[in-house]
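Structure at a glance
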Amino acid sequence: MSRTEPRIVERVDELQRWADRERAAGRRIALVPTMGALHEGHLSLARLARGLADRVVASIFVNPTQFGPTEDLECYPRELDADVERLAAIGVEVVFAPSVEEIYPPGDSTWIEVEGLTDGMCGPFRPGHFRGVTTVVARLFHAAKPHVAVFGEKDYQQLQVVRRMVRDLRLDVEIVGGPTVREADGLAMSSRNAYLSPEGRSQARALCAGLLEARALAQAGERDAGYLAELVRERIEKEPLAEVQYVEVRDAATLEPVERLNRRAVLAVAAVVDGTRLIDNLVLEETP
Ligand code: AMP
């Protein structure tokens, strides 16, 4: 893989001018939005983007509007120099690392909000979160002018919410989902895994273990979605440091609740383990 030093851009107007030039030259732009502290999950999305476009922009922006007042905005890991190195190794051309004021100028009062899809799952546990996500993603799209943007299936609800925003606003950008990258024991990679104590880290495996057990049952013919969700809940709550927020089975495309598995569905979980909120999901493919 060729190594390029990425150009680091901090200003929206500079990125817009760059994007205009690339577009005028007929080149395709891919955007990978992140909050930094990059791990293999993020890097897999950058590699996927690399294969989809001539130019890849990775944004690194810890977006304050998607954090609740009691959440981890202040202590969220920030490691820009190391992130730029990681992205350089993949051949990313531009790292967009704006300040908060650059994305939200003083006096700013405009929001983008997707209703319905954001009511369930993570929505009630993180009021205002998805409004912050769609607002920042729309602003990143206006800044980088991508032809394609890549998001992780790890944040399954987020991916569907972004797809809905793009559809409803008829934004001219293709949304591509990348598969969840996991640690060797199955734990979905997350920048927040670093908060876990050794005990918490070990107990966090229960999320993925429970999902895998339920999927195996579904593949063996179990159709009762509520039963599968209950099994996952019980598996996780066996761990003393784990507290489940939700386990749900939803239609994989519309996120409507599913009672019987007669279509493609997603089995999604959120739990607080050792004080850290973790999410994970597995898609249950339609089986005959
Ligand atoms: P974040 O920095 O947490 O906002 O995540 C940035 C992007 O990386 C989002 O599209 C996430 O869904 C994606 N992502 C985070 N963790 C993973 C993972 N383990 N595998 C694949 N994609 C991920």
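Each value, and the rule that gives it
Residues numbered from 1 in each chain as written. Predicted model: local features only at pLDDT ≥ 70, side-chain atom pairs only at ≥ 80, totals over all residues. Heavy atoms only, no water. Helix = DSSP H or I, 4+ residues; strand = E, 2+ residues; numbered from the N terminus. Rg over C-alpha atoms; globule rule 2.2 N^0.38 Å. Buried < 20%, exposed > 50% of the residue type's maximum accessible area, 1.4 Å probe, protein only. Areas by Shrake-Rupley, 256 points an atom, 1.4 Å probe, with all protein chains shown as cover. Lys, Arg positive; Asp, Glu negative; His and termini not counted. Charge placed at Lys NZ, Arg CZ, Asp CG, Glu CD. Core = buried A, V, L, I, M, F, W, Y, C linked by side-chain atoms within 4.5 Å. Domains from an automatic or database assignment. Contact = heavy atoms within 4.5 Å. Near = heavy atom within 4 Å. Polar contact = N/O pair within 3.5 Å; in protein donor to acceptor, adjacent residues only side chain to side chain. Nonpolar A, V, L, I, M, F, W, Y, C, P; charged D, E, K, R; others polar. Pairing = 2+ DSSP bridges. Right-handed = clockwise from strand over helix to strand, strands pointing away. Salt bridge = Lys/Arg side-chain N within 4 Å of Asp/Glu carboxyl O. 1 Å grid on protein atoms, 1.4 Å probe; cavity = no way out; pocket = protein on both sides within 12 Å on 5 of 7 lines; lining within 4 Å. Points joined across faces, edges and corners; volume = space filled by probe spheres on them. Patch = residues over 30% accessible without salt bridge, like charges linked within 9 Å, V, L, I, M, F, W, Y side chains within 5 Å. Buried area = accessible area lost by both parts, 1.4 Å probe.

A word on the overall build of the protein chain. Along its length, the protein chain carries 9 helices and 9 strands. Scaling as 2.2 N^0.38, a compact globule of 288 residues should have a C-alpha radius of gyration of about 19 Å, and the protein chain matches this with 19 Å. With the C-alpha coordinates aligned to their principal axes, the bounding extent of the protein chain is approximately 55 × 45 × 40 Å. Going through the 288 residues of the protein chain one by one, you find that 53% of them count as buried. Element-wise, carbon and sulfur atoms account for 49% of the exposed surface of the protein chain, whose accessible area totals about 13,400 Å². Each charge class in the protein chain was averaged separately, 36 positive and 46 negative side chains, and the resulting centres sit 5 Å apart.

Here the focus is the nonpolar core. Grouped burial of nonpolar side chains is what soluble globular proteins tend to show. Counting residues in hydrophobic clusters, the biggest one holds 44 residues, and the most contacted among them are L15, V57, F96, V137, F141, F151 and I175. Secondary structure elements with two or more residues in this core: helix 1 (12-24), strand 2 (29-34), strand 4 (94-96), helix 5 (129-144), strand 5 (148-152), helix 6 (156-168), strand 8 (265-273) and strand 9 (276-284). Counting the residues that make up this core, at least three belong to each of domain 1 (7-178) and domain 2 (191-282). Not counting residues within four places of it along the chain, the set of residues in contact with V137 comprises F151, V162 and M165.

Another aspect to go through is the site of the ligand. H42, G152, D155, V181 and M189 are the nearest of the 17 residues found near the ligand. D155 is positioned with one of its side-chain polar atoms (N or O) 2.6 Å from an oxygen atom of the ligand. Burial of the ligand by the surrounding chains reaches 92%, relative to a free accessible area of 480 Å². Put simply, the parts of the chain that give the shell around the ligand at least two residues each are strand 2, helix 2 (40-50) and strand 5. With 3 residues, the single largest contributor to the shell around the ligand is helix 2. Taken together, the residues of the shell around the ligand break down into 8 nonpolar, 7 polar and 2 charged.

Another point: the pairing of strand 3 (residues 55-60). The element strand 3 is largely enclosed, with a buried count of 5 among its 6 residues. Where strand 2 meets strand 3, 6 bridges bridge the pair, whose relative direction is parallel. Paired with T34 across the bridge in strand 3 is I60. In terms of strand pairing, strand 3 meets strand 4 through 3 bridges, oriented parallel. Looking across to strand 4, one finds that V57 is bridged to V94. This β-α-β element, strand 3 to helix 3 (residues 80-90) to strand 4, shows right-handed connectivity.

Okay, the pattern of salt bridges next. One pass over the full model with this rule turns up 22 salt bridges. For the salt bridge of D83 with R86, the shortest nitrogen-to-oxygen distance reads 2.7 Å. Within this pair, D83 and its partner R86 are both found in helix 3, separated by 3 residues, close to a single helical turn. Among the ionic pairs, D185 bridges to R201, the shortest N-O distance being 2.9 Å. Taken together, the residues span a long stretch of sequence, with D185 in the loop between strand 6 (174-178) and helix 7 (198-203) and R201 in helix 7 at a distance of 16 residues. By relative accessible area, D185 is classed as partly exposed at 27%. Given a relative accessible area of 24%, R201 falls into the partly exposed group. Three or more residues are tied together by salt bridges with common partners; here these are E22, R27, R50, R55 and E93.

This part covers the layout of surface pockets. In this structure, the second largest pocket encloses a volume near 230 Å³. I60, F61, V62, R78 and P98 are, among the 16 residues lining the second largest pocket, the residues nearest its centre. Looking at the lining of the second largest pocket, its residues break down into 10 nonpolar, 2 polar and 4 charged.

On the surface, a cluster of negative charge is made up of E230, E234, E237 and E243. Per-element tally for the negative patch: the top contributor is helix 9 (residues 225-237), with 3 residues. Following the sequence through the fold, E230 ends up in helix 9.

Attention shifts here to the domain arrangement of the protein chain. By the assigned domains, the protein chain splits into domain 1 (7-178) and domain 2 (191-282). Listed per partner, the contact involves 21 residues of domain 1 and 17 residues of domain 2. Carbon and sulfur atoms make up 56% of the surface buried where domain 1 meets domain 2, a total of about 1,700 Å² over both sides. When the area that domain 1 buries against domain 2 is broken down by residue, the three leading residues are M121, F125 and Y156, summing to 39%. On the surface where domain 1 and domain 2 come into contact, there are 1 salt bridge. A salt bridge links D72 to R192; its shortest N-O distance comes to 2.8 Å. Taken together, the connections running from domain 1 to domain 2 amount to 7 residue pairs in polar contact (both at pLDDT 80 or more). Among the elements that make up the side of domain 1 that touches domain 2, the one with the highest residue count is helix 6 (3 residues). Broken down by class, the residue content of the side of domain 1 that touches domain 2 amounts to 10 nonpolar, 6 polar and 5 charged.

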